[in-house]
Amino acid sequence: MKQTRLMMGMPITVEIVDTVFAASPDKESAAIQAVFDYFAYVDATFSTYKDTSEIMRINRGELALDDASEDMRLIFALAEQTKRETDGYFDILHNGSYDPSGVVKGWAIDHAAALLRQHGFQNFYVDAGGDVQAAGKNEDGENWRVGIRNPFNIDQIVKVVGVSDMGVATSGTSIRGQHIYNPKNSAPIEEIVSLTVIGANIYEADRFATPAFAMGREGILFIEALAGFEGYMIDCNGIATLTSGFASYTRHD
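First, a word on scope: everything that follows refers to the structure included in this document. Just so it is clear, the structure is predicted and the values come from calculations on it, not from any experiment. (Residues numbered from 1 in each chain as written. Predicted model: local features only at pLDDT ≥ 70, side-chain atom pairs only at ≥ 80, totals over all residues. Heavy atoms only, no water.)

1. Describing the sheet that holds strand β12 (residues 240-242)
Selection rule: Any two strands with at least two DSSP-identified bridges between them are counted as paired. A run of DSSP states H or I qualifies as a helix once it reaches four residues; a run of E qualifies as a strand once it reaches two. Both are numbered from the N-terminal end. Between N-to-C directions, angles cover 0 to 180 degrees, with each direction set by a line fitted to C-alpha atoms, over the stretch in contact for helices. Whether two residues are in contact is decided by their heavy atoms: any pair within 4.5 Å suffices.
An order of β1-β2-β5-β6-β9-β10-β11-β12 is seen for the eight strands of this open sheet, with the pairing classed as antiparallel. The outermost strands of the open sheet, each flanked by one partner alone, are β1 (2-7) and β12. Taken over all neighbouring pairs, the strand axes of this sheet differ in orientation by 10° on average, direction set aside. One ladder, built from five bridges, connects strand β2 (residues 10-16) with strand β5 (residues 124-128); its direction is antiparallel. Counterpart to Glu 15 in the pairing with β5 is Tyr 125. Helix-sheet contacts for helix α1 (residues 25-46) involve β1, β2 and β5, and the interaxial angle to β2 is about 155°. Contacting β2, β5 and β6 (131-135), helix α4 (residues 101-118) crosses the sheet at an angle of about 155° to β5.

2. Some words on the side chain of Ser 164
In plain terms, the rule: Definition of a polar contact: a pair of N or O atoms within 3.5 Å, with one able to donate and the other able to accept a hydrogen when the atoms are protein atoms, and with sequence-neighbouring residues admitted only if both atoms are side-chain atoms.
Within the fold, Ser 164 resides in the loop between β8 (153-163) and β9 (166-172). Polar contacts involving the side chain of Ser 164 include one to the main-chain carbonyl oxygen of Gly 136, which spans 2.7 Å.

3. A word on unusual backbone geometry
What counts here: Buried, partly exposed and exposed residues are distinguished by accessible area as a fraction of the type maximum, computed with a 1.4 Å probe on protein chains only: under 20%, between the cut-offs, and over 50%, respectively.
You will see that Asn 95, though not glycine, has its phi angle at about 50°, which is positive. Locating Asn 95 in the fold gives a position in the loop between β3 (93-94) and β4 (97-98). Overall, the relative accessible area of 84% leaves Asn 95 in the exposed class. If you check the backbone angles, Asp 165 has positive phi at about 55° while not being a glycine. As for its placement among the helices and strands, Asp 165 is situated in the loop between β8 and β9.

4. What to know about the nonpolar core
Let me state the cut-off plainly: Definition used in this section: a nonpolar core is a set of buried Ala, Val, Leu, Ile, Met, Phe, Trp, Tyr and Cys residues joined via side-chain atoms within 4.5 Å.
By size, the foremost hydrophobic cluster in this structure holds 58 residues, and its most contacted members are Phe 39, Trp 107 and Ile 223. For this core, the leading source of residues is α4, giving nine residues. Leaving out residues up to four positions away in the same chain, Trp 107 has contacts with Tyr 38, Val 42, Phe 46, Asp 71, Leu 74, Ile 75, Leu 78 and Tyr 203. Counting residues in each nonpolar core, the second largest holds 17 residues, with Val 17, Val 163, Met 166 and Val 193 among its members.

5. Topic: the pairing of strand β10 (residues 192-199)
Among the eight residues of β10, eight are classified as buried, and the element is accordingly described as predominantly covered. Judged from the six bridges that link them, β9 and β10 form a sheet pairing that is antiparallel. Paired with Gly 172 across the bridge in β10 is Ser 194. Strand direction decides the pairing type here: β10 and strand β11 (residues 230-235), joined by six bridges, are antiparallel. Residue Ser 194 lies in a different strand from β11, and its bridge partner there is Ile 234.

Below, the structure is given as structure tokens:
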């Protein structure tokens, strides 16, 4: 069973292929609905485009962080951890306001995948705006295939990786335009246009993809040095640079 809905300003797709539940479509439907309900909660809590969201109440000074929800306080803690681990290249404070989207999306996808596991499913994927958590195998019993878009032509796939029980996250400017800046000098990132990270789960992959992109050309070296991660970077001239173990995920091509 597969469903796609437009939420949080992006398409979110959930597909479940567990054959053991093939005769129980109601069970699959309930699990998928639980995932979309969860994303609706995340959007209502963390969206910087909703005046009623908790993060906007914090930004307006109506709510102190100490009085915020447990999830909000956790996200702020995770953001601070990521800032330390990336030497300041990740920062949710922009022009006096907080925008935690750089850590929230991967965290939310990871939690959505956990919901599906709690419902008993083992073979599925959750894709939110191109960031993917893949679990188990696809309907052919093979690793899930995740395409990396050509940042100069988003209708074209330039690379396909095969993953199981891993996350794949891409930061870039092809979909949303220039929205990632070097937090150390507020300069836009122009020398690279796309950076994809493969990690043990989508939360870890996503939280490092954004700051690695903000590092510019040095970002792929940062990913290379991270144990358990691989990366694929495309620069402004269309030249790709990949980490030493990235090719192991493309051998099916």
